[in-house]
Structure formats: C-alpha cells, structure tokens
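Each chain is listed here by its residues.
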Amino acid sequence: MSLRKMKVMVSKLFNINVSVGQCRNAKRFALCEIEGDLKDHYSKLWDYGAEIKRANPGSHVEVYVQPQSNSTVVFERFYEGYWDRWIFLKGICKGELLSAVGRDGNNNIYPIAWAVVNVENKSTWKWFLENLMEDIDERGNGNGITLMSNGHKGIMEAVKERCPEVEHRLCVRHILANFHKKFKGECYIKPYWRAVKATTIQNFELAMEEIKSFDVGAYDYLIKRDPSCWSRAFFKVGMGCDAMENGVSESFNAAIEEAKKKPLITMLEDIRVFVMDRLYMQKEKGLGWNLAICPNIRRKLGELKKLRRFWAPYVSGYKQFEVVQCNERYGVDLEKRECGCRGWQLTGIPCVHAICAISSLNLDSEEYIAECHDFGSLQGPSTPAPSAPTHVNQDPLTQEHVPVNQELVIQEHVPVNQELVIQENVPVNQEHMNKDPVNQVLVNETNSIIIVLVFWLLKLQPNSM
C-alpha cells in the first residue's frame, strides 16, 4: 500500500489527519514489529540456507560474506538455485537481485535460480555464473546453452570468461531503446524489426540497406552491436529457441514486484513460495493434457497451417521439395528436417514451407516437431519444485533454526557495501492460501500492519480524536 493511500484510509476510518511522513514512520515501525529487525534476517541467513538444503535435497545454496578486521563479517551475496536478469531492490537497504529464468517445453517461464548481491559488476556476475553452470551444465563451458541479457558490460565480460561457448543474445528492445536515444524517427522501426526477425542473411542485408539509406550512422551503430547477438539470421540452429527479447525475465520481475520491498529472508521465502506454487500448478495443469505436444506449440503450429495455402510445393527428390510463392522459393528436406529459410532449424517447429511440403504427403506436421516441445519433455525428468521447510509454519524469523551449515563458503575480495539488502513479497495463488501456513502469514500481515499503524498514530496524536 502506498503512503498516500494509507493516509486517505486512516483519515476515512478514524477521522485523523496525518502527514505522509507520519505514515512512513508508522509503516516502518509496523513492518519492524511484524518481520523483525533487519540484522535478525542477516544473522539467520546461514540457518535459512541450511534449512533449504535439508528440506529440498539437491538444492544449491551459497552464502558469501566479507570478513572484517574486527573479527566480524558483512553480508555480500546469497545464491539459491533450485538466468540472466538483474533487478533493483526497493527496501530500506539497497542491493540487486540476479535471476536466471528459462523457458519450458510449452514456452512458459521457468525460474531456475536467483541471488542477492550488493552491486552488479563483473565479479558478482561471474560468481553467479559459476554457481549457475554448476547446477545446469556440470562445470561445462556453455555449449548448447542460449543466454539472453540486456548487454550489461559486467555480464558480457563474465560470460566470455566463464562460458565462452554459450550463445549470448541481446534483448532487441534494449538495443532499440538505446538506438532511439541517438537516432530519432519512426522510419527506422519497421526495417529494424525486419532485420531482427530475418532468418536468412539475404533478408537481413535487405533490411539493413534500407536503414543505411536513411542514415549511414544508424547503420554503423547497429552493425557495431554485433548482429550475431540480435538477429535471427545469425542465431545458432538446433537450439530450439528463436527468442530475441527478454520477456520471460520481465514477467518474473512483475511477479515478485511486492517481494522486492521486504527484508531479506521474507523476500527469499516469498520468491521460493511463488516458484514452488507455480511449478506445482504447471505440473498439475500438464497432467490434464491429453496431447502429444504442448498446447502453446500446437497453437503456433495451427497459425502456420493457415498460411500454407499461399505456398505451392514441387517435388525435387525423396521427401525433398521446393516451395514457391511468387518470387520466393525455399528448399525443404523432410528427412533432415531442414528448410532454406532456417526457421525450422531455429525453433524445432516446422515452418510454413515445411508444413506445405508435409501436407502434400498427407502427413501429420506434429510428428516433425522437435522433442524439446513434446509433452514428455515438459513432464520430466525435471528438477522438483522446492518444498516448504517443515519448521516454517509462521514467519521464518520466529521459528527454531537448524545448526549452521559448515560447507558454506566465505567470500574473497569485492568491495564491501555497508548498505545491506532488503526485499519484498510475491503474489501467491489464492487457491492455496488456506493450505500453506507461510501464505497464511502473508494474509494476516496486512491486518497486523493496519492495527499497529493505527495504534502508533493514536499515540502520536492523543488530542486529534
């Protein structure tokens, strides 16, 4: 609840005129009473990490601290993995939340790991990548993995050092936003998106030549951004994904918007509960599908089937075709599952040209979809959803904690940020609010804040009634 809304609510309910500053102080006091002091969160972070490992065998948790000269330690980083994305935290203590979010076989978001750090730089990104690659690639060099980021210098350098064989793509919307700061005008937008979506070098060059005709500087700017990172014409084939914008991370960020204002352990619990609930609900939904391939993929295939009538197939060999529309023509090889447009190889889903050829043989297009998009890949094997720690039946700070895990590591060098990190809460599926004790705490939290707030304000203004 915003401070202005709180001020209006108090005025309506209790006929008290309060300032925004009083509401701010009252809210801070109420949150401290409910969630505990910030130092309590950091002092119990080791025990929280140990409990996550105990309740979810196979989970990866790392706590890094910076030792001080007075024999104390200062929190620096916390990693929980059950990619690339960084989010500013909005609480009293500042920091950043790094996260790794993937796509499942149905093209939905699949949160993988998240970490809290004091600052985003090459050192923190490299540390995050080390832990992430240990979870998903067993200390490999990134071969067969596609990563997408907004192009931050720190992550660009960290990726080159830690996983040089990963395909590192850049979010095209970030590139366009930066492009518009230097080159104004709507004339660039359509050719830019044609260059981004072009699956062949020829189509890419045609779109770029149009941009060049408007302004050579605009053309040079985009070429310097390395088209292999943002145009489908240069993406690696066989990856099963042609994504070019970082929408999955934006979705995850929106889902944990409230969590970023909460203290550390409360925020981490809210994120864990959100991921746990989402993965379980997605699994339950999938069990009700009686399909060979995932619904979103089938829907996309259906849209492509509507366009096949504009193309004419001509046989050139055994399961080989030349598909023609006016002056456009592409070769299709059903045995190799390849098309001259490269769309099939990029996504693993037959393109409109391949569908045209497949239909001419009265075959089912769904049989030519890559295994990464079928129903079996969505159901398993996969990492189990994080279960709730058995002792967390109220706020984690009020419960007993297991002994400190001796395997956790102490951080090396990195400048110490004296401002510790704080975060918020995540929306929880309303169906399970009464089933999960942690969620029940979130339900009661708002009422508790209002009660403490009103009590505190009445103490401040005894003569205002």
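Given the structure is predicted, the values throughout are model-derived calculations rather than measurements.

A. Structural view of the overall build of the chain. Across its full length, the chain holds 17 helices and 13 strands. Of all 465 residues assigned to the chain, the portion counted as buried reaches 49%. Of the roughly 23200 Å² of accessible surface on the chain, 52% is carried by carbon and sulfur atoms.

B. Representation of the packing of aromatic side chains within the structure. Taken as a whole, this structure holds 14 aromatic pairs when the rule is applied. Seen in terms of ring centroids, Tyr 192 and Trp 193 are 5.6 Å apart; in terms of plane orientation they differ by 75°. Their pairing is edge-to-face. Through a chain of ring-to-ring contacts, the aromatic side chains of Phe 179, Phe 183, Tyr 188, Phe 214 and Tyr 221 assemble into a single cluster. Of note, Arg 169 hangs over the ring of Phe 235, and the distance from its end group to the ring centre comes to 4.0 Å.

C. Structural detail: the sheet that holds strand E10 (residues 320-325). The four strands lie next to each other as E9-E10-E11-E12, forming an open sheet whose pairing is antiparallel. Looking along the sheet, the strands with just one partner apiece sit at the ends: strand E9 (312-317) and strand E12 (338-339).

D. Representation of the pattern of salt bridges in the model. Within this structure, the stated rule accounts for twelve salt bridges. What you see here is one network of salt bridges that share partners, running through Lys 122, Lys 126 and Glu 161.

E. Up close: the environment of Leu 176. By the secondary structure assignment, Leu 176 is in helix H7 (residues 172-182). Given the relative accessible area of 12%, Leu 176 is considered buried. Linking Leu 176 and Tyr 188, residues twelve residues apart in sequence, is a C-alpha distance of 9.6 Å.

F. A look at the confidence of the model for the chain. Counting all residues, the mean pLDDT for the chain is 76, and 71% of those residues have values of 70 or more. In this model, residues 82-90 is a region of pLDDT below 50 whose contacts with residues beyond four sequence positions or in other chains number 63 contacts. Every residue in residues 381-385 is under pLDDT 50, and counting partners more than four places away or in other chains gives eight contacts.

G. Up close: helix H9 (residues 201-214). Compared with an ideal rise of 1.5 Å per residue, which puts 14 residues at 20 Å, H9 spans 20 Å between its outermost C-alpha atoms and is within 8% of the ideal. Turning to H9, its buried residues are Phe 204, Ala 207, Met 208 and Ile 211. Down the axis, H9 shows its buried residues gathered within 95° of arc, on one side only. Exposed side chains of H9 directed beyond 90 degrees from the buried face belong to Gln 202, Leu 206 and Ser 213. Residues of H9 that are buried in the fold lie against helix H8 (189-197) and helix H10 (216-224).

H. Seen up close, the nonpolar core. Counting residues in hydrophobic clusters, the biggest one holds 26 residues, and the most contacted among them are Phe 179, Tyr 192, Met 208, Leu 222 and Trp 230. At the level of secondary structure, the elements contributing two or more residues to this core comprise H7, H8, H9 and H10. Excluding residues that lie within four positions of it along the chain, Trp 230 makes contacts with Leu 170, Val 172, Ile 175, Tyr 192, Ala 195, Val 196, Phe 204, Met 208, Leu 222, Arg 225 and Phe 235. Membership of the second largest hydrophobic core comes to 23 residues, among which are Leu 45, Ile 109, Val 248 and Leu 268.

I. Structural context of the environment of Gly 49. Among the secondary structure elements, Gly 49 is positioned in helix H4 (residues 45-55). Counting along the chain gives ten residues from Gly 49 to Ser 59, while the straight-line C-alpha distance between them is 9.7 Å.

J. Structural context of the side chain of Thr 200. Within the element layout of this structure, Thr 200 appears in the loop between H8 and H9. Overall, Thr 200 belongs to the buried group, its relative accessible area being 8%. Polar contacts involving the side chain of Thr 200 include one to the side chain of Asn 203, which spans 3.2 Å. Excluding anything up to four places from it in sequence, Thr 200 contacts Ala 233, Gly 340 and Cys 341.

K. Region of interest: the packing of H9 against H10. One way to put it is that H9 packs onto H10 with a least axis distance of 5 Å and a crossing angle of 135°. Looking at the two axes, H9 sits oblique to H10. Contacts between H9 and H10 involve Met 208, Ile 211 and Lys 212 from the first element and Val 216, Ala 218, Tyr 219, Leu 222 and Ile 223 from the second.

L. Structural detail: unusual backbone geometry. Unusually for a residue other than glycine, Asn 15 sits at a positive phi of about 55°. On the secondary structure map, Asn 15 appears in the loop between helix H1 (3-14) and helix H2 (20-35). Using a relative accessible area of 63% as the deciding quantity, one classes Asn 15 as exposed.

M. Expanded view of the environment of Val 117. Along the chain, Val 117 falls in strand E5 (residues 109-117). The buried category is assigned to Val 117, whose relative accessible area is 0%. The spatial distance from the C-alpha of Val 117 to the C-alpha of Leu 98 is 7.4 Å, given a sequence separation of 19 residues.

N. Summary view of the packing of helix H5 (residues 122-136) against helix H6 (residues 153-162). Close contact between H5 and H6 brings their axes to 8 Å; oriented N to C, the two are set at 45°. Comparing the axis directions of H5 and H6 gives the class oblique. Of the two elements, H5 crosses H6, and the hand of that crossing is right-handed. Together, Lys 122, Trp 125, Lys 126, Leu 129, Glu 130 and Met 133 of H5 and Gly 154, Ile 155, Glu 157, Ala 158, Val 159, Glu 161 and Arg 162 of H6 make up the contact between the two elements. Here the residues of the contact of H5 with H6 sort into six nonpolar, one polar and six charged.

O. How the structure looks around H5. With 15 residues, H5 extends 21 Å from end C-alpha to end C-alpha; this agrees with the ideal 21 Å at 1.5 Å per step. Three or more residues of H5 are buried, namely Thr 124, Trp 125, Trp 127, Phe 128, Leu 129, Asn 131, Leu 132 and Met 133.

Criteria and cut-off values
- Counting starts from 1 at the beginning of each chain's written sequence and moves along it residue by residue.
- Selection of residues for local features in this predicted model requires a pLDDT of at least 70, selection of side-chain atom pairs for listing and counting requires 80 or more, and totals for whole chains, interfaces and linings are taken over all residues.
- For side-chain calculations, the full set of non-hydrogen atoms in the structure is used, while hydrogens and water are omitted.
- Note on conventions: DSSP H or I runs of at least 4 residues are helices, E runs of at least 2 residues are strands, and numbering of each starts at the N terminus.
- Type-normalised accessible area, obtained with a 1.4 Å probe on protein chains alone, sets the label of each residue: buried when under 20%, exposed when over 50%, and partly exposed for intermediate values.
- Method for areas: the Shrake-Rupley scheme with a 1.4 Å probe, in which residue coverage is limited to the protein chains shown.
- Aromatic rings from Phe, Tyr and Trp, with only the six-membered ring used for Trp, were paired whenever their centres fell within 6.5 Å, and each pair was classed as stacked if the ring planes differed by under 30 degrees, edge-to-face if by over 60, and tilted otherwise.
- Whether a charge lies above a ring is judged from NZ of Lys or CZ of Arg, which has to be within 6 Å of the ring centre and within 35 degrees of the ring normal.
- Only when DSSP finds a minimum of two bridges between them are two strands counted as paired.
- What makes a salt bridge here is a side-chain nitrogen of Lys or Arg within 4 Å of a carboxyl oxygen of Asp or Glu, nothing more.
- Confidence of the prediction at every residue is given by pLDDT, a number between 0 and 100.
- Residue contacts follow a heavy-atom distance rule, with two residues in contact if any of their heavy atoms lie within 4.5 Å.
- The span you would expect from a helix comes to 1.5 Å times its residue count less one.
- For this quantity, the arc is that covered by the directions from the helix axis to the C-beta atoms.
- Nonpolar cores are built from buried Ala, Val, Leu, Ile, Met, Phe, Trp, Tyr and Cys residues. Side-chain atoms within 4.5 Å join them into one set.
- Polar contact is defined as a pair of N or O atoms within 3.5 Å, subject to the rule that within protein one atom must be able to donate a hydrogen and the other to accept it, and that residues adjacent in sequence are counted only when both atoms are side-chain atoms.
- For helices, the fitted axis covers only the stretch in contact; all axes are lines through C-alpha atoms, and the angles between them, taken along N-to-C directions, range from 0 to 180 degrees.
- In these notes the angle categories are as follows: under 35 degrees is roughly parallel, over 145 is roughly antiparallel, 65 to 115 is roughly perpendicular, and the rest is oblique.
- In this scheme the crossing of two helices becomes right-handed for a clockwise turn of the near helix relative to the far one and left-handed for an anticlockwise turn of less than a right angle.
- Side-chain classes follow a simple rule in which Ala, Val, Leu, Ile, Met, Phe, Trp, Tyr, Cys and Pro form the nonpolar group, Asp, Glu, Lys and Arg form the charged group, and the remainder, Gly included, forms the polar group.

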